[in-house]
2 protein chains.
Amino acid sequence: MADEKRVYAFGKDEQGADVTEGSASMKFMLGGKGANLAEMAKIGLPVPPGFTITCQTCVEYANAGNVWPEGALDEIDAYRQDLERRIGKKIGDTDDPLLVSVRSGAPFSMPGMMDTVLNLGLNDNSIQGLIKQTQNERFAWDSYRRFIQMFSKVVMDVDGDLFENAITAKRLAAGVKQDNELSSEQLQELVEEFKEIFSEEVSAEKHPELVIDGKVTFPQDPNQQLILAIQAVFGSWNNERAVIYRRQNKISDDLGTAVNVQSMVFGNKGDTSATGVAFTRNPADGTKEFYGDYLVNAQGEDVVAGIRNTQPIAQLKETKGLEQAGRDLDEVFGILEQHYRDMCDIEFTIEQGRLWMLQTRVGKRTAAAALKIAIDMVSEGLISKEEAVLRVNPAQLDQLLHPQFDAQAQYDVIAKGLNASPGAAVGSIVFSAKDAVEKEQAGEKVILVRWETNPDDLAGMIAAEGILTSHGGKTSHAAVIARGMGAPCVCGVEALKIDAANKVVTVAGSDLVLHEGDLISINGTTGDVVLGAVDLVNPELSGDLDVILKWSDEVREMGVLANADNPEDAKIAREFGAGGIGLCRTEHMFLGDRKNIIQSFILADSQDVKDKALSDLLEAQTGDFVGIFDSMDGLPVVVRLLDPPLHEFLNDPRELDKEIIRLELEGASEELLKEKRSLLAHIDEMMEANPMLGLRGVRLSILNPELPRMQVRAIASAACDLKLQGKDPKPEIMIPLVSVKAELALLREVCEEVIQEVFEEKGVELEIPIGTMIELPRAALSAGELAEVADFYSFGTNDLTQTTFGFSRDDVESKFIPNYLANKILTVNPFETIDERVVELVSIASERGRATNPDIVLGVCGEHGGDPSSIMSLAKVGLDYVSCSPYRVPLARLAAAQAKLESTTQASDNR
Amino acid sequence: MADEKRVYAFGKDEQGADVTEGSASMKFMLGGKGANLAEMAKIGLPVPPGFTITCQTCVEYANAGNVWPEGALDEIDAYRQDLERRIGKKIGDTDDPLLVSVRSGAPFSMPGMMDTVLNLGLNDNSIQGLIKQTQNERFAWDSYRRFIQMFSKVVMDVDGDLFENAITAKRLAAGVKQDNELSSEQLQELVEEFKEIFSEEVSAEKHPELVIDGKVTFPQDPNQQLILAIQAVFGSWNNERAVIYRRQNKISDDLGTAVNVQSMVFGNKGDTSATGVAFTRNPADGTKEFYGDYLVNAQGEDVVAGIRNTQPIAQLKETKGLEQAGRDLDEVFGILEQHYRDMCDIEFTIEQGRLWMLQTRVGKRTAAAALKIAIDMVSEGLISKEEAVLRVNPAQLDQLLHPQFDAQAQYDVIAKGLNASPGAAVGSIVFSAKDAVEKEQAGEKVILVRWETNPDDLAGMIAAEGILTSHGGKTSHAAVIARGMGAPCVCGVEALKIDAANKVVTVAGSDLVLHEGDLISINGTTGDVVLGAVDLVNPELSGDLDVILKWSDEVREMGVLANADNPEDAKIAREFGAGGIGLCRTEHMFLGDRKNIIQSFILADSQDVKDKALSDLLEAQTGDFVGIFDSMDGLPVVVRLLDPPLHEFLNDPRELDKEIIRLELEGASEELLKEKRSLLAHIDEMMEANPMLGLRGVRLSILNPELPRMQVRAIASAACDLKLQGKDPKPEIMIPLVSVKAELALLREVCEEVIQEVFEEKGVELEIPIGTMIELPRAALSAGELAEVADFYSFGTNDLTQTTFGFSRDDVESKFIPNYLANKILTVNPFETIDERVVELVSIASERGRATNPDIVLGVCGEHGGDPSSIMSLAKVGLDYVSCSPYRVPLARLAAAQAKLESTTQASDNR
C-alpha cells in the first residue's frame with residue numbers, strides 16, 4: 001500500500017490560503033485532535049500550520065514490529081519541508097528556526113498514551129536563532145531546557161524527577177523560590193546538566209544511533225528528534241496504561257493513533273502572551289457560560305501542572321494586552337458551538353496578543369450537564385430533540401439515581417472490589433442478616449458484610465444501607481439483589497478475610513482489623529471500600545432528566561419493563577417509567593415467614609401436611625399478586641412460575657452435619673438424632689451436583705404439579721378479584737427453563753385448566769397470555785416449535801449466557817473473568833454486555849419463533865436488559881421490549897431511544 | 001379423504017386366480033403381517049383368502065375419538081361380501097358358514113397389542129352349519145367355546161381365568177384330565193356357561209348395543225362380531241402396554257395398526273390337521289436347518305399355550321397323513337428364503353393334509369445367529385457383503401462381548417435399576433473401594449455397592465467384578481467408568497437403602513437386609529439385582545463377528561477410535577479394532593498414589609513445594625504416555641489436557657467439617673485445629689456452586705499454566721523417547737472446554753513453546769497436532785474462528801448435551817429423565833441417543849470449521865460415539881471419526897458401516 005496517503009496538511013500556506021487536507025469526519029484516520037485541527041483550520045479559525053500522520057501508519061508500524069512502512073518517512077519529510085515553506089522558516093535554522101510540537105491523537109481520547117513534546121527543533125545551533133528572533137535570551141534557554149526535559153521524559157522514558165531535582169538544586173544554589181526567577185545563565189547551565197542526565201540515562205544499547213564517540217548524546221539533528229518523537233508516540237499506543245484504558249473503555253486495539261506535528265506558538269513570550277483551556281459551556285452543570293482558565297506568560301504544560309494560580313477565562317478581556325485576544329476567543333466559542341452544534345472544550349495560546357487555537361473537541365460533561373446542555377440546545381434551535389436524546393450517555397444516568405461520595409471528600413481506600421451495584425453508603429459493620437435487621441430497627445445504619453449472600457440474607461440486605469462481600473462476581477446473589485433493590489454493593493473484595501463467627505475482618509496486606517460496629521463507607525459505583533464515614537451527596541433528580549426521557553419515549557420503539565417482585569418495587573418501577581413488569585420472580589415470595597411453609601411442603605410426610613402448606617402458600621401468594629397487579633394496574637405483569645431448586649429453601653446440610661456430630665458427641669437422645677439424621681438424608685437426597693442445571697424451572701413444575709397449580713390459581717384469583725373491583729389487571733404467566741416443546745405444552749395445559757376453573761368460580765374472565773423464557777440453547781434452537789404453544793418469549797440472557805459459555809456466573813465472575821479480561825481473552829464481561837454468540841442464539845430464536853407465530857411478543861429480562869450496549873444489540877434483533885431492574889428503567893428508556901435513532905441515522909463520528 | 005382406499009384383498013378368488021392387492025413393500029399401510037400375507041399370496045404360496053384394513057384407518061379412527069371415518073364401514077362390508085363370494089361361503093350361514101380370524105398387524109411387530117380372534121362368525125345358528133360341514137360335532141362346539149372365550153377376553157376384556165375355571169370345573173365334574181377329553185355335550189354346556197359369564201362380565205353401560213331384554217347378550221350377528229373385533233384391535237393400539245412398548249422401541253405413535261380378516265383354516269380337524277411355527281434357519285445359533293414345532297390336531301393358540309408337548313418340525317414329513325404337507329413346507333421354506341433373501345419365521349396350519357401359510361416375517365435372531373446367517377447367505381450368493389453388514393443390529397453385539405446370566409438359570413430379582421453398563425457379574429457385597437481392593441487381593445470376587453461412586457473409588461471399581469449404586473443415572477460416574485472398563489454396572493437402584501457406615505443394605509418394600517459378604521448377582525444389561533449367585537456364561541467370540549467387522553471396515557468411511565486412559569485399555573481397544581485413541585483423559589492418571597502429589601501442588605504454600613509436585617507429576621505422566629503411545633504405536637492418540645476442577649482432587653469439605661467439630665469437642669490441640677481449619681478454608685475457597693460450569697478445562701490451564709506445561713512436556717518427551725527407540729508415536733493434544741478463540745490461541749502458544757523446547761532437548765521432532773473439544777454451544781457457534789487455531793475438533797457431545805439442554809447429567813438422569821420418558825416429554829434419553837438440536841450445533845460447527853479450514857479433522861468423543869443411532873446422525877453431518885469406550889468399538893465399526901450404506905442405498909422396508 002505504498003500509494004496510501006499517510007500525511008495530511010492543515011492550516012495556511014505562505015500566501016495565507018488554507019491548504020488543509022483533512023476534516024472533522026476523518027477521526028479514524030487523523031485521530032480526534034488532528035481531525036478537529038483540520039476542521040478548525042477549514043472554518044477559518046487561527047490554527048498554527050502543521051500536518052498529521054495517520055493512525056493507519058501507526059498500526060502498520062506497530063504490526064511490522066516497529067518498522068516504518070515503505071515510503072512513509074519520505075512522505076513525512078516532504079510534508080516537513082512543505083511546512084517550512086508555508087511558515088517561511090527552517091527547522092534547526094541558526095537564524096530563524098521553525099519549532100514544532102509533536103502530539104499524539106487517537107480516534108478516541110486516551111489518557112495513558114504519550115502526549116506531547118513541545119519546542120522540538122531546538123539544538124545548540126538553533127537556540128542562537130531563537131535568541132536572535134525573540135531578543136529574549138532567557139525565554140530561549142528556558143525553551144531549550146523544557147524541550148530537553150520533555151523529550152527525555154516522554155520520548156526516552158527518562159525519570160522526570162532527575163530533571164526536577166536538578167532545577168531545585170539550581171534554585172537553591174541561586175537562592176530563588178520560583179523557576180521563573182532563574183536567570184538566563186542559570187538556565188543555560190541547566191541545559192548542559194540536562195544533556196548530561198540524558199547521556200547517563202538513555203541506554204546506548206537501545207539507541208545506538210545516538211552514540212557519538214562512545215557516548216549517548218542528546219540528538220542535535222532536528223529531523224532525528226522529529227522521527228524519534230513520532231516513533232515514541234506510535235510506541236505509546238501499546239504501552240500498558242493505554243492497553244488497560246482501551247480494555248476498560250472497549251476501544252479496539254486496531255485503531256492506532258495519529259501524530260500531529262504543528263508549528264509552535266508561544267504563550268510564554270511575555271505579558272501579552274498566555275495559554276489556557278476552556279469549555280464553551282459549564283461542563284459540571286451545563287450552564288451557558290464560558291468556562292475555563294488561562295495563565296499569562298506560560299506554556300500549556302504550566303496550566304496543567306498547577307504551579308501558578310490560573311485566572312478565570314472571563315477576565316481575559318479585561319487583561320491588559322489580551323483584550324483583543326479575549327474578544328476573539330468569545331467569537332471562536334460561538335463559531336465552534338454553531339459549527340459543532342455541541343459544547344466544545346478547547347486549548348488555546350495567545351502569542352504576543354494573537355490568539356491561536358491548538359485543540360478542540362466535543363467536551364466531556366457530567367450527566368446533569370449533558371441533560372441541561374442537550375435541552376438548552378434544543379431551545380436554542382441548535383439541535384433536534386432526537387439529537388438531544390443521542391447526546392446523553394445512558395451509562396452516566398446512574399450517577400443521577402444514587403447517592404455518591406462527595407467529590408470534595410478526602411478518604412483512604414482500604415480495599416477494592418467489584419463495582420456491583422451503583423451508589424454509595426455509610427454504616428457500621430454487621431456480619432449477619434439477623435444483626436442487620438436488629439440494628440436497623442434500633443435506628444442504626446449498617447453495612448452487611450458477608451463472605452457471600454444467599455436468599456436467607458434477604459431481610460438483612462433490605463435492612464442494610466449497603467452490601468459488601470468478599471466473594472462472588474457482579475452477578476452473584478448479592479450483586480443481583482442489590483441492583484434490584486437499588487442498594488449499593490461492592491462484592492468480591494478478595495483482600496477482606498471475613499471471620500463472621502468471631503465478627504472480625506482482616507485486610508490482606510495491612511494490619512487493619514475491623515470489628516462489628518466499625519464505621520465504613522462503600523462506593524458501589526467504583527468498588528471502593530473506605531474506613532470511616534465519607535460524606536455522601538444525594539443528587540437531586542432535575543426536571544431535565546424527565547424531559548430527555550419523555551423525548552426518548554417519543555422516539556423509542558422498544559418497550560421498557562421492569563423486574564420487580566413486590567408492590568414497593570413495582571411502584572418505583574412505575575415512577576421510573578416502566579411500561580409494566582417483565583419479570584416477577586415468585587421465589588422471593590417464599591422467603592421470610594413463608595420459608596417455613598414451603599419447607600413443610602417439601603418435607604411433608606403426609607398429603608394433609610402438603611395440602612395445608614399449599615393452601616397457606618395460596619393465600620399468601622394471592623395477596624402478593626393482588627398488591628403487584630394493583631400497583632401496575634393497566635400494565636402487563638409477567639409472573640414467572642417458581643424457578644429455583646427446592647433444596648434452596650432447605651437448611652444447609654453442612655450445618656446439619658455438624659449439628660448431628662455435636663449432638664452425637666454430647667449424647668443426645670436417639671430419637672432426636674434419628675429425626676435429625678432423617679432430615680439430613682432427605683436434604684442430601686435433594687442436593688445436586690450442579691443445581692443450575694438440575695431440578696428447577698419447568699422441571700420442578702412437572703414433577704410437583706401442585707406448585708404451579710397453586711401459583712396459577714393465586715395469579716388468576718388475584719386478577720379476577722381486582723377485575724371484579726373495577727381494576728384492570730394484566731397478568732401473564734411465564735414458564736422458565738423450558739428445553740423441549742412437550743414441557744411447555746404440558747404446563748400450558750395445566751395453567752389453562754386452573755385458569756378456567758378460577759374463571760368459573762369467580763364468574764369473571766380476562767386475558768392471561770402464557771409464554772416461556774428462552775434461556776437454554778436448546779430452547780433457542782427449538783423456538784420454531786415452542787412458538788406453537790407460547791404467546792410470548794422472554795429471553796433469559798443471564799442463564800443463556802451461562803449455558804452458551806458453560807460459565808456458572810457465581811463461580812466464574814470472581815474466579816477467572818477478571819483474569820480473562822486482564823489477558824484480553826474476553827473483551828467484555830459477557831454477564832454485563834451481551835456476547836455476540838448469545839445474540840446469535842437470540843436472533844435465531846426470534847426468527848424461528850416469528851416464522852411460526854408472527855404475533856409472538858419477544859422480550860429480554862436478563863441483566864442485559866439494563867445495559868446500554870446490550871440494548872443496542874438486542875434492538876437490532878428487533879425485540880419488542882427489555883425488562884430491567886427498576887433503577888435501570890430510565891437508562892433503558894434512553895438507550896432504547898438511542899438504539900432506534902442509531903438504526904435510522906448514521907451515528908455522527910463526532911459524538 | 002373419503003376416496004382413500006382403506007381395504008386391500010389378498011389370496012385367490014373363486015376361480016383360483018390371485019386377486020391380491022397389496023405387497024410386502026406396503027408395510028406402513030397393511031402392517032407387517034398384512035403386507036407379508038399379500039406378498040406370500042402374490043408369489044403363489046397357499047394363503048387363506050382375506051382382506052386387510054389399513055393402519056391409516058386405525059389412526060383416523062383413534063384420532064377422531066373412536067369414530068369410524070366416513071365410508072370405511074361400507075368398504076369393509078363390501079370386502080366381506082367379496083370374500084364370501086371368493087370362498088363361496090357366507091359368514092353366519094346355517095349350512096356352510098364362513099369363519100374368519102381377525103388379527104392385528106402393525107408396521108413393526110408389537111407385543112402388547114390385541115392379537116388374534118379366531119373362529120369369528122360362529123353363533124347359535126352357524127354352529128349347526130359347522131357341524132353339518134365337518135360332521136364333527138365335538139370340533140364344532142369346541143370351536144364355538146374357543147371363540148366365545150377368545151372374543152370375551154380379547155375384544156371385551158373379560159378376565160380369562162373365569163373361563164379357565166369353568167373348564168377346570170367341567171373337567172373335574174367329568175373326571176377327565178385333558179380339555180380334549182371333554183365330550184361334545186360337555187363342550188356345548190360350556191358354551192352356555194361361557195355366554196353367561198359374558199353376560200355377567202361385560203358392562204351394559206359400555207356396550208348398550210349388546211343389551212337385549214335388559215341383559216347383555218353374546219352378539220349373534222357375525223357382522224357385529226366382526227366390527228367389534230376390528231374396533232378392539234384399533235383400540236389396543238393405544239393401550240398402556242402398547243404405548244410403553246412403542247416408547248421403549250422408539251416407534252412412532254402415529255403409525256397405527258392394520259387389521260387382517262382372513263378365512264379360517266383348521267388345524268384341529270383331526271389327525272391329518274396340525275398347526276405350527278417355524279424358522280427357516282436356527283434363530284439361536286444361525287445353523288442352516290429348519291427349526292420349529294408343530295402340534296397335531298390343534299389350533300394356533302395351543303402351540304403357544306404349551307398345553308401339550310410339541311413335535312420338532314423335522315418330524316412332520318414322517319407323520320402319517322402329514323407327509324405331503326411336510327414336503328410342501330420344505331419347499332415353502334426355500335421359496336421364502338429365496339424371495340425374502342433372509343431367514344424367515346412363519347406360522348402355518350395344515351387342514352386335513354393341506355398346508356396353509358398364516359404368517360411370515362423376517363425372523364428375530366440372537367446376535368450370534370445374525371452374524372452366522374448373514375455370512376452364510378453371502379456364501380450362498382443370496383446377499384452381498386454390504387447387505388450382510390446391514391443385517392446385524394449393532395446394539396445386539398454387546399451380547400457377544402460380555403458375560404451374561406445363563407439363559408437357563410432360575411433366579412428372583414430383588415430390585416431393578418438402570419442398565420448402566422452391560423454384562424453380568426457375581427460377587428460378595430463390599431461397601432467401600434478400600435474393602436473391594438483388599439478382598440480382591442485376598443482372592444474374593446466382590447460387587448462394589450455404593451450410594452454413588454466418585455473418582456476416589458476408582459481402584460475399588462477396578463478390583464470389583466461389578467458396580468451397583470443406589471443413585472446416579474446412566475452417565476453417572478459409576479456408569480461412565482464402568483462402561484469404559486467394560487465392567488457390569490447397575491445404577492440408580494432406588495429401592496436400595498445403603499448404610500455404608502454400618503455395612504447394611506435394606507431393600508425397600510421387603511424385609512430383606514443384606515450385609516457385607518452376602519453374595520449377589522447383577523445384570524448390567526437389564527438392570528436386575530439378584531440375591532445369590534446366578535450362573536454366568538462367557539459367550540465365545542466367534543470368528544463370524546470378526547468377518548462382519550472386517551466387511552464393515554471395508555465399507556465404512558468414518559473412523560472408529562477408542563476412549564482409553566491407560567495402556568491396558570489401549571490394548572483392548574486395539575484388539576477390538578480401534579484406529580487409535582480419540583480421548584485419553586489425563587485426570588484419571590492423577591488418582592491413586594498420585595492424588596497426594598496433585599494435592600500437594602494445589603495446596604502448596606511455597607514455590608518449592610509446587611515445583612517438587614510438578615516434577616513428580618511430570619515423571620509419572622511421562623511414564624503413562626510412554627505406555628499408551630507404545631500400545632497404540634503407529635496410531636493417533638488424542639490426549640486431553642486436565643479437565644476437572646482441581647477441588648475434585650481434594651478432600652470432601654463436609655468430612656473435614658465433621659472432623660474439625662469432633663476435634664474441637666475432643667479438645668484437640670490449637671495447632672492441629674488451626675491446620676485443619678486452614679485446610680478447610682482453602683478447600684472451601686475452591687468449592688464451586690456448579691463445578692460443571694466452573695474453573696475447569698482450558699480455564700484451569702490458563703490460571704495454572706504450570707499444569708499444561710507439565711502435561712505437554714510429558715506428552716512430547718514420551719513421544720520423542722519412543723521415536724528415538726524407532727517407534728512411531730502419534731500424539732495429539734486436545735484442549736477442553738474452550739468457549740472463545742483467545743483461550744485456544746493462548747494455550748496453543750503455550751503447547752507449541754513447550755513442544756519446541758522438548759524437541760530441542762531431545763534432538764528429535766515429530767508432528768503433534770493441537771485441537772480442541774467442541775462441548776459448549778458458544779464453541780460450536782464460534783467454530784469458524786476457532787478453526788484458525790485448531791488442527792482438529794472433537795465434539796464432546798456429553799457436555800454439549802448438558803449445556804444445550806441445561807441438564808446436569810448427574811442430577812437429571814435419576815431425578816427427572818425417567819419421569820420425562822414416561823410422560824413422553826422426551827422420546828429418548830439425550831445422553832444415550834444424541835438430540836437433534838445437539839446435532840444441529842455439531843452440524844453448524846462442522847460447516848463453520850470447514851469453511852475456515854477445509855482440512856480440519858472432526859470427530860466425536862462423547863458417549864454418543866458408541867450409540868448406533870447417534871452414529872447414524874453424526875455420519876450424516878460428515879464427521880471423520882467417532883471415539884467410544886473400547887468395548888463399544890466393534891459396535892461402532894458396524895454402525896459406521898451401516899451409516900455409510902444407509903446413506904448410499906435406500907433402506908429396505910423389510911429389514
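Residues numbered from 1 in each chain as written. Chains lettered and ligands numbered in written order. Predicted model: local features only at pLDDT ≥ 70, side-chain atom pairs only at ≥ 80, totals over all residues. Heavy atoms only, no water.

Novice: Give a detailed account of the confidence of the model for chain A, specifying residues and quantitative values.
Specialist: Residue and element names in this part refer to chain A. Of all residues in chain A, 97% have pLDDT values of 70 or greater, and the mean over the chain is 91. Throughout residues 906-911 the model reports pLDDT below 50, and contacts reaching past four residues in sequence, or to other chains, amount to 11 contacts. Of the two predicted TM-score estimates for the complex, the pTM is 0.81 and the ipTM is 0.80. (pLDDT = per-residue confidence, 0-100. Contact = heavy atoms within 4.5 Å.)

Novice: Give me the environment of B:I548: which residues, what numbers.
Specialist: Residue and element names in this part refer to chain B. Within the secondary structure, I548 sits in helix α18 (residues 543-555). I548 sits in the buried class, given a relative accessible area of 1%. Placed 157 residues apart in sequence, I548 and R391 show a C-alpha to C-alpha distance of 9.8 Å. (Helix = DSSP H or I, 4+ residues; strand = E, 2+ residues; numbered from the N terminus. Buried < 20%, exposed > 50% of the residue type's maximum accessible area, 1.4 Å probe, protein only.)

Novice: Which residues make up the relation of the copies chain A and chain B, and what values go with them?
Specialist: For the pair of chain copies, the relating transformation is a rotation about an axis with a translation along it. When chain A is fitted to chain B, the residual RMSD is 0.2 Å, and the transformation amounts to a turn of 179 degrees plus an axial shift of 0.1 Å. Read as a symmetry element, the transformation amounts to a two-fold axis. Across chain A, the smallest distance between a C-alpha and the rotation axis is recorded for A:N690, namely 2.1 Å. Here 98% of the interface residues in chain A have copies in chain B that are interface residues too; the copies meet face to matching face. (Least-squares fit on C-alpha atoms with pLDDT ≥ 70 in both.)

Novice: Outline the packing of aromatic side chains, supporting the account with residue identities and numerical values.
Specialist: All names here are of chain B. Throughout the structure, instances matching the rule amount to 42 aromatic pairs over all chains. Here F51 and Y79 contribute two aromatic rings whose centre-to-centre distance is 6.1 Å and whose plane-to-plane angle is 50 degrees, an arrangement assigned as tilted. A residue pair is termed long-range when its members are at least 10 positions apart, and F51 in strand β2 (residues 50-53) and Y79 in helix α3 (residues 72-87) qualify at 28 residues. F51 gets classed as buried once you look at its relative accessible area, which sits at 0%. (Phe/Tyr/Trp six-rings, centres within 6.5 Å; stacked < 30°, edge-to-face > 60°.)

Novice: Could you give me a rundown of the pattern of salt bridges, with the residues and numbers involved?
Specialist: Residue and element names in this part refer to chain A. Within this structure, the stated rule accounts for 142 salt bridges over all chains. A salt bridge links K612 to D616; its shortest N-O distance comes to 2.8 Å. Residue K612 and its partner D616 are both found in helix α21 (residues 607-631); the two are separated by 4 residues, about one turn of the helix. What makes K612 partly exposed here is its relative accessible area of 49%. On the basis of relative accessible area, D616 is assigned to the partly exposed category, the value being 25%. (Salt bridge = Lys/Arg side-chain N within 4 Å of Asp/Glu carboxyl O.)

Novice: Requested: an account of the packing of helix α12 (residues 367-379) of chain A against helix α18 (residues 543-555) of chain A, with residues and values cited.
Specialist: All names here are of chain A. Where α12 contacts α18, the two axes come as close as 9 Å, and the packing angle between them is 65 degrees. In this structure, α12 crosses over α18, and the sense of that crossing is left-handed. For the pair α12 and α18, contact is made by L371, K372, A374, I375 and V378 and by D544, L545, V547, I548 and W551, respectively. A per-class count over the contact of α12 with α18 returns 8 nonpolar, no polar and 2 charged. (Axes fitted to C-alpha atoms, helices over the stretch in contact; angles between N-to-C directions. Left-handed = near helix turned anticlockwise from the far one by under 90°. Nonpolar A, V, L, I, M, F, W, Y, C, P; charged D, E, K, R; others polar.)

Novice: With reference to specific residues and values, describe the sheet that holds strand β1 (residues 7-10) of chain A.
Specialist: Residues and elements named next belong to chain A. Spatially, β1-β2-β9-β5-β6 is the arrangement adopted by the 5 strands of the open sheet, whose pairing is antiparallel. Two strands in the sheet have a free side with no partner beyond their single neighbour: β1 and β6 (116-120). The sheet shows a mean angle of 20 degrees between the axes of neighbouring strands, direction not considered. Across 6 bridges, strand β5 (residues 100-105) lies against strand β9 (residues 258-263) in antiparallel orientation. Among the inter-strand pairings, G105 is bridged to a residue of β9, identified as A258. (Pairing = 2+ DSSP bridges.)

Novice: Which residues make up helix α7 (residues 184-201) of chain A, and what are the values?
Specialist: Between its terminal C-alpha atoms α7(A) stretches 25 Å, which fits the 26 Å expected from 18 residues at 1.5 Å a residue. On the buried face of α7(A), the contacting elements are α5 (137-155), α6 (160-174) and β8 (215-216) of chain A. (Expected span 1.5 Å × (residues − 1).)

Novice: Give a detailed account of the nonpolar core, specifying residues and quantitative values.
Specialist: Core analysis: the biggest nonpolar cluster contains 311 residues, and A:F629 and B:F629 have the highest contact counts within it. The contacts of B:F629, once residues within four sequence positions are left out, are B:V637, B:V639, B:I715, B:A718, B:A719, B:L722, B:P729 and B:P731. Of all hydrophobic cores here, the second largest spans 69 residues; its members include B:A72, B:V102, B:V155 and B:V261. (Core = buried A, V, L, I, M, F, W, Y, C linked by side-chain atoms within 4.5 Å.)

Novice: Any details on the pairing of strand β31 (residues 730-735) of chain B? Residues and values, ideally.
Specialist: Side chains on a regular strand alternate between the two faces of the sheet. All names here are of chain B. With respect to burial, β31 is a largely interior element, 5 of its 6 residues being buried. As paired strands, strand β30 (residues 636-640) and β31 are joined by 5 bridges and run parallel to one another. From the neighbouring strand, P636 faces β31, where its bridge partner is K730. Pairing of β31 with strand β32 (residues 770-774) involves 3 bridges; the strand directions are parallel. Looking across to β32, one finds that I733 is bridged to I770. For the segment spanning β31, helix α26 (residues 741-762) and β32, crossover handedness is right-handed. (Right-handed = clockwise from strand over helix to strand, strands pointing away.)

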